[in-house]
Amino acid sequence: MDRKSFDDLVRLMARLRAPGGCPWDREQTMETLRPFVIEEAYEVTHAIETGDREALREEVGDLLLQAVFISEIAREEGSFDVGDAVTSIHDKLVRRHPHVFADVDAKDAETVLTNWERLKSEERREKNEGVLSGVPAALPALLKAYRLTEKAARVGFDWQNPEDVFAKLDEEVGELREAIARKDEHQIEHELGDVLFTIVNVARKMGIDAEQALQRSNAKFIRRFEHVESRLREEGKSFDRTNLQEMDSFWNEARREDKE
């Protein structure tokens, strides 16, 4: 493979956007690229989860392309270029690592995070921003709940121990049951949201990424359901000619295979 540099990629993107370049690339805007940025980030995450390093190499490149693409559009409009973006993150990393580049001590990762949040807080005050302002609005709901409460916890707004969160979960489940009993659809939605939000806090207190945990459960459900489908085909049956008891038996087969 003829190895290329970051500058090669930047020049290539500029060529694709230039007159006589690619019609599709020239039509793109920051707004049209938004879904691609999200999609590529998820592809990177999936490659990490599967441990496929070849796929990860490719997906990291695809994600990097989106950053270069957006920076090229910004350069064309005169707001900033990719060099400005690189300088911004470089200087931010130096500023937020005083334990490496200055005389601040940090004995462990937790101290680093505490110092990081303190520095971010100082930056927010200068910009007149709040503690939660750095959480992207477009994050998936579970991940967003995790990041919101994580940030709040770093400034001391948090339950003291996991048992307190479980007590809150019991309270929220009780309120959901009451709303269901009243058949109050608006309140059911409200209380269900509170239950999900509290479950995310349970996960956070346990050191578990709720988004990742749910994704793994999704994958497990897909695997087991596909086993049910496969067994039905083997039996020459379809869902509309099968009762729940038989489907459950096939489901339990898949569960046993998972445990083995």
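One can find the structure itself at the top, above this paragraph.
The following refers to the structure shown. (Residues numbered from 1 in each chain as written. Predicted model: local features only at pLDDT ≥ 70, side-chain atom pairs only at ≥ 80, totals over all residues. Heavy atoms only, no water.)

A look at the overall build of the chain
- Each helix and strand counted, the chain has twelve helices and zero strands in total.
- Walking the chain from its N terminus toward its C terminus, one meets helices and strands in the order α-α-α-α-α-α-α-α-α-α-α-α.
- Here the C-alpha radius of gyration of the chain, 25 Å, is well above what a compact globule of 260 residues would show, namely 18 Å.
- C-alpha atoms of the chain, sized along the principal axes, occupy 65 × 50 × 40 Å.
- A burial count over the chain gives 22% of its 260 residues as buried.
- Contacts in the chain between residues far apart in sequence, at least 24 positions, make up 51% of those at least 6 positions apart.
- Accessible surface computed for the chain: about 17900 Å², of which carbon and sulfur atoms make up 54%.
- One way to put it: in the chain the 40 positive side-chain charges average out to a point 1 Å from where the 57 negative ones average out. (Helix = DSSP H or I, 4+ residues; strand = E, 2+ residues; numbered from the N terminus. Rg over C-alpha atoms; globule rule 2.2 N^0.38 Å. Buried < 20%, exposed > 50% of the residue type's maximum accessible area, 1.4 Å probe, protein only. Contact = heavy atoms within 4.5 Å. Areas by Shrake-Rupley, 256 points an atom, 1.4 Å probe, with all protein chains shown as cover. Lys, Arg positive; Asp, Glu negative; His and termini not counted. Charge placed at Lys NZ, Arg CZ, Asp CG, Glu CD.)

As for the layout of surface pockets
- Taken as a whole, the largest pocket spans an internal volume of roughly 540 Å³.
- Along the wall of the largest pocket there are 18 residues; nearest its centre are Y42, T45, E49, E211 and Q215.
- For the lining of the largest pocket, the leading source of residues is helix α3 (residues 30-50), giving seven residues.
- Residue composition of the lining of the largest pocket, by class: nine nonpolar, five polar and four charged.
- Approximately 460 Å³ is the volume attributed to the second largest pocket.
- Lining of the second largest pocket is provided by M1, R3, K4, S5, F6, D8, L9, L12, R57, E58, G61 and L64.
- If you list the elements that add at least two residues to the lining of the second largest pocket, you get α1 (6-17) and α4 (53-77). (1 Å grid on protein atoms, 1.4 Å probe; cavity = no way out; pocket = protein on both sides within 12 Å on 5 of 7 lines; lining within 4 Å. Points joined across faces, edges and corners; volume = space filled by probe spheres on them. Nonpolar A, V, L, I, M, F, W, Y, C, P; charged D, E, K, R; others polar.)

Brief notes about the environment of A210
- Within the fold, A210 resides in helix α11 (residues 210-234).
- As a C-alpha pair, A210 and L142 span 68 residues in sequence and 6.5 Å in three-dimensional space.
- With near-sequence residues (within four places) excluded, A210 lies in contact with L142, Y146, V200 and A203.

Details of α4
- A rise of 1.5 Å per residue sets the reference length of α4, with its 25 residues, at 36 Å; its end C-alpha atoms lie 36 Å apart and thus fit the reference within 8%.
- Buried within α4 we find L56, E59, Q66, V68, F69, S71, E72, I73 and A74.
- Looking at the buried residues of α4, the elements they touch are α1, α2 (23-27), α3 and α5 (82-95).
- The N-terminus of α4 is capped by D52, whose side-chain oxygen sits 3.2 Å from the backbone nitrogen of E54.
- Backbone geometry just downstream of α4 places G78 in the positive-phi region, at approximately 85 degrees. (Expected span 1.5 Å × (residues − 1). Polar contact = N/O pair within 3.5 Å; in protein donor to acceptor, adjacent residues only side chain to side chain.)

As for the side chain of E59
- Its place among the elements puts E59 in helix α4.
- As a buried residue without a salt bridge, E59 has its nearest oppositely charged side chain in R57, at a separation of 10 Å.
- Those residues in contact with E59, other than ones at most four positions away along the chain, are E40, E43, V44 and A47. (Salt bridge = Lys/Arg side-chain N within 4 Å of Asp/Glu carboxyl O.)

Describing a nonpolar patch on the surface
- On the surface, F221, I222, F225 and F239 cluster together into a nonpolar patch covering about 360 Å² of accessible area.
- One can find F225 in helix α11.
- A relative accessible area of 31% means that F225 is categorised as partly exposed. (Patch = residues over 30% accessible without salt bridge, like charges linked within 9 Å, V, L, I, M, F, W, Y side chains within 5 Å.)

Description of the pattern of salt bridges
- Applying the stated criterion across every chain yields a total of 18 salt bridges.
- Measuring nitrogen to oxygen at the nearest pair gives 2.7 Å for the salt bridge that ties R11 to D8. Here D8 and R11 lie together in helix α1, a separation of three residues that amounts to about one turn.
- Of the charged contacts in the structure, one is a salt bridge between K168 and E171, with a shortest N-O distance of 3.4 Å. Of this pair, K168 and E171 both sit in helix α9 (residues 162-182), separated by three residues, roughly a single helical turn.
- Relative accessible area serves as the criterion here: at 25%, K168 is assigned to the partly exposed category.
- Residue E171 is classed as partly exposed on the basis of its relative accessible area of 39%.
- Among the ionic contacts, a cluster of salt bridges with common partners joins R231, E234, E235 and E253.

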